[in-house]
Amino acid sequence: MPTLMKRATRVGALSALAALSTACGGGTDPLPQLGAATPASLSGACDQLSSALAGLPNTQITLAETVAAGTLAQGGQPVAEHCRVTGKMHERVSAVDGNTYAIGFEMRLPKAWNGRFLHQGNGGIDGAVLPAVGALGGGPLTGALHQGFAVLSSDAGHSGSAPTFGIDPQARLDYGYQAVAKLTPMAKETIKRAYGKGPDRSYFAGCSNGGRHAMVAATRYHADYDGILAGAPGYNLPKAATANLAAARLYQTVATTPVNNQIDLATAVTDTERQLLASRVVAKCDALDGATDGLVQDVAACQASFKLADDVPTCSGARDGTCLSTAQKSVLAQVFSGTTTSKGERIYASFPFDGGFGAGKAGVPSGGSPVGSGIAFWEYFAALNLDAGATGLIFGSPPQSLATFNPLSFALTTDIDALNASMYATSGLYSEAAMSFMTPPKPTQMQALRDRGGKIMVYHGVSDSIFSVNDTETWFKGVSSDTGNDFARFYRVPGMGHCSGGPATDQFDMLTPLVNWVEKGQAPADIVASARGAGNPGGVNGDLPAGWAADRTRPLCPYPQVARYKGTGSLELASSFSCR
Ligand SMILES: [Ca+2]
């Protein structure tokens, strides 16, 4: 019974969990050690790549150009000279909606290559070929391209930010997982022709939907990728979108104006009231980690300690920003514990109380759109706009009729039970359910990746209000019992919202530790993260509290460890804290 014995030894190893985070590996099954990548140089000029890449199957190269050193900057540092290759794969005209589809992509190939390939997963519902710079880790430091990786970015099979591609069944599947299957061999062959050898080691990284892509790659394409870096992995993305619509319906009941847009919905719990909630959470939980520093590191102790009903003043009269009404508390309790169907079945996951839920302002534009990492964007704007379109047109089978689809009306009136059921359904042309094409199959069973020496690192902001850190915690516990965790690490980032931002130390490099783990067997322990205060070359985080040092540092700890104050030393320095 070798399989049973293997399971038994892995489960036995879990009892030594505390030792795992600092020891190399820790499982009693030997972990295969993959070899280190070796550098190479790009031979020939960039414009010669067009002919060198001729004949790639199902691929049309549209551009091959030199990008001079310093044209791009990452973390304030100029990116070295590289080639940019753009193209498209599997161009076709849909028989369903008559539109032309292709998998658009770009690759950026450094002249001085480190021998590694990085597949960059992008966010949202894809649809744009973002620059293939491999900008990773909250507020990014440098990026994979700058570090010498050959980087691939794609639109995952449709162009444009509209969810209308969900009408085409193949575009759904490409977005879910099939674009990655088509792109991977093309990218590896491109690297081979450009450098004279294929990538020695291959990595997949991204945040949000990009983290979902990374998690899908870890399961479906475990033979193709050696290292996986998944941030805020929306690996249950259809569930999260549906739960967010259910939350919007709850918020609607306490909004003080009729809901016609996100500003109206934001009257449910105003910016001031969210800040009140966050401040009460911090007041109750901050010191539980030994340091009164505005960060709630001991997430579990905080959930046991903080009581929404008791720890936030309840309004005795009109709402005035100093209290929450009983009705508001009821809504927030349901949202944080996880919205449900009418039968009480939880649609997605619960969310922990944390110090970052006051960040951001409702409806305030940033760079032309009301983007942000916090509740104001995700639960008010995104619910009425992004989630409505995604659930109605991409995740539901069959999709809503394009001719009559109205996102606002859909968000505020659709039957939540029917919506919940539709992501598990198939219908006619739509022969694969969203919860199949969007999610990693059996996400806690990663033996195939582990047993060939692959590694996975996951990070998640505790104040993420669209994909819950609790869902990722559930995954990590599952993978620990189903596969073992000597090849997996999970890091919570207290205060951080969705992928970045919030009152948090949100700038960190997890790619280098991942490479060292994959290629040298050096298991990662704590990782030092920095705040992005005034002068940060990666971009300033406007959510930082005024009292923090601009360059505050903290250790991010491998789950379930918590960064605790040593009792001495500056509260602005990671060295004053240890993971315990
Ligand atoms: Ca604290």
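What you are looking at is a predicted structure, and each value in this text was computed from that prediction instead of being measured.

Here we come to the overall build of the chain. Helix and strand content of the chain: 18 helices and 17 strands. Rg of the C-alpha trace for the chain: 23 Å, near the compact-globule value of 25 Å for 580 residues, within the 12% margin. Look at the contacts in the chain between residues 6 or more apart in sequence, and 69% of them connect residues 24 or more apart.

So, on to unusual backbone geometry. Note on backbone geometry: most residues besides glycine have negative phi, and most peptide bonds are trans. Omega for the bond connecting Ser-397 with Pro-398 falls within 30 degrees of zero, at -5°, which places this linkage in the cis form. Here Pro-398 lies in the loop between α12 (375-395) and α13 (407-413). In this model, Tyr-559 is joined to Pro-560 through a cis peptide bond whose omega is 5°. Take Pro-560: it is sitting in the loop between β15 (553-556) and β16 (563-565). A positive phi angle, close to 45°, is found at Lys-442, a residue other than glycine. Topologically, Lys-442 is positioned in the loop between α15 (434-437) and α16 (447-451). Of note in this structure, Cys-499 is not a glycine but carries a positive phi near 75°. Secondary-structure assignment places Cys-499 in the loop between β13 (488-493) and α18 (511-520).

The next point concerns the nonpolar core. Ranked by size, the top nonpolar core spans 156 residues in total, and within it Val-151 and Leu-229 carry the most contacts. Counting residues per element, this core draws most heavily on α12, which supplies 15 residues. Leave out the neighbours within four places in its chain, and Leu-229 touches Leu-136, Tyr-203, Ala-205, Ala-214, Met-457, Met-510, Leu-511 and Leu-514.

So, about the packing of helix α6 (residues 237-252) against helix α11 (residues 326-337). At their nearest, the axes of α6 and α11 sit 9 Å apart, and the two run at 175° to each other. Considered as vectors, α6 and α11 are oriented roughly antiparallel to each other. Of the residues in α11, those touching α6 at Ala-247, Leu-250 and Tyr-251 are Val-331, Gln-334 and Val-335. Residues of the contact of α6 with α11, tallied by class, amount to five nonpolar, one polar and no charged.

Glancing now at the confidence of the model for the chain. In this model, the chain carries a mean pLDDT of 93, and residues with pLDDT of at least 70 account for 94%. Across residues 1-27 the pLDDT falls below 50, and counting only partners more than four positions away or on other chains, this stretch makes 32 contacts in the model.

Attention now goes to the environment of Pro-494. Tracing the chain through its elements places Pro-494 in the loop between β13 and α18. Overall, the presence of 31 C-beta atoms within 10 Å leaves Pro-494 in the buried class. Taking the C-alpha atoms as reference, Pro-494 lies 6.9 Å from Ser-463; in sequence the two are 31 residues apart. Those residues within four positions of Pro-494 in sequence are excluded, and the remaining contacts are Leu-295, Val-296, Gln-297, Val-299, Asp-354, Val-462 and Ala-504.

A word on the sheet that holds strand β8 (residues 116-121). Read from one edge of the open sheet, nine strands run β2-β5-β6-β9-β8-β10-β11-β12-β13, paired in mixed fashion. Edge positions in the sheet fall to β2 (59-67) and β13, since each of these pairs with one other strand and no more. The mean inter-strand angle of the sheet, taken between neighbouring strand axes irrespective of direction, is 15°. Strand direction decides the pairing type here: strand β6 (residues 100-110) and strand β9 (residues 150-154), joined by four bridges, are antiparallel. Across the sheet, residue Phe-105 finds its bridge partner in β9, namely Ser-154. Sheet strands in contact with helix α17 (residues 469-482) are β12 (455-461) and β13, and its direction is about 160° off that of β13.

Glancing now at helix α4 (residues 169-195). For α4, with 27 residues, the first-to-last C-alpha span of 37 Å sits near the 39 Å given by 1.5 Å per residue. Along its length, α4 reaches its greatest deviation from straightness, about 70°, at Tyr-175.

Along the chain, Val-259 turns up in the loop between α6 and α7 (262-265). Sequence separation of Val-259 and Gln-561 is 302 residues, and the distance between their C-alpha atoms is 42 Å. In this structure Val-259 touches Gln-252, Asp-264, Leu-265 and Leu-412, once residues within four positions along its chain are discounted.

For helix α8 (residues 271-285), spanning 15 residues, the distance from its first C-alpha to its last is 21 Å, which sits close to the expected 21 Å at 1.5 Å a residue. Taken together, the buried positions of α8 are occupied by Glu-273, Arg-274, Leu-277, Ala-278, Arg-280, Val-281, Val-282 and Cys-285. Where α8 is buried, its residues contact α9 (299-305), α10 (308-311) and α12.

Another point: the pairing of strand β10 (residues 201-207). With seven of seven residues buried, β10 is to be regarded as a mostly interior element. Pairing of β10 with strand β11 (residues 227-231) involves five bridges; the strand directions are parallel. When the bridges of β11 are listed, Tyr-203 appears paired with Gly-227. Regarding topology, helix α5 (residues 209-220) serves as the crossover connection from β10 to the parallel β11, and that connection is right-handed.

Another aspect to go through is the pairing of β9. The buried fraction of β9 amounts to five of the five residues, a majority that puts the element mostly inside the structure. Both faces of β9 are covered, namely the face carrying Ala-150, Leu-152 and Ser-154 and the face carrying Val-151 and Ser-153. In this sheet, β9 lies alongside β8 in parallel orientation, the contact comprising four bridges. Counted as the bridge partner of His-119 is Leu-152 from β9.

Before going further, it helps to spend a moment on the environment of Ala-301. Inspection of the secondary structure puts Ala-301 in helix α9. With 14 C-beta atoms counted inside 10 Å, the residue Ala-301 sits in the partly exposed group. Ala-301 sits 224 residues away from Ala-525 along the chain, and the two C-alpha atoms are 22 Å apart.

What counts as what
Residues numbered from 1 in each chain as written. Predicted model: local features only at pLDDT ≥ 70, side-chain atom pairs only at ≥ 80, totals over all residues. Helix = DSSP H or I, 4+ residues; strand = E, 2+ residues; numbered from the N terminus. Rg over C-alpha atoms; globule rule 2.2 N^0.38 Å. Contact = placed C-beta atoms within 7 Å. Core = buried A, V, L, I, M, F, W, Y, C linked by C-beta atoms within 7 Å. Buried ≥ 20, exposed ≤ 12 C-beta atoms within 10 Å, placed from the backbone. Axes fitted to C-alpha atoms, helices over the stretch in contact; angles between N-to-C directions. Parallel < 35°, antiparallel > 145°, perpendicular 65-115°, else oblique. Nonpolar A, V, L, I, M, F, W, Y, C, P; charged D, E, K, R; others polar. pLDDT = per-residue confidence, 0-100. Pairing = 2+ DSSP bridges. Expected span 1.5 Å × (residues − 1). Bend = angle between axes of the 7 residues up to and from the residue. Right-handed = clockwise from strand over helix to strand, strands pointing away.

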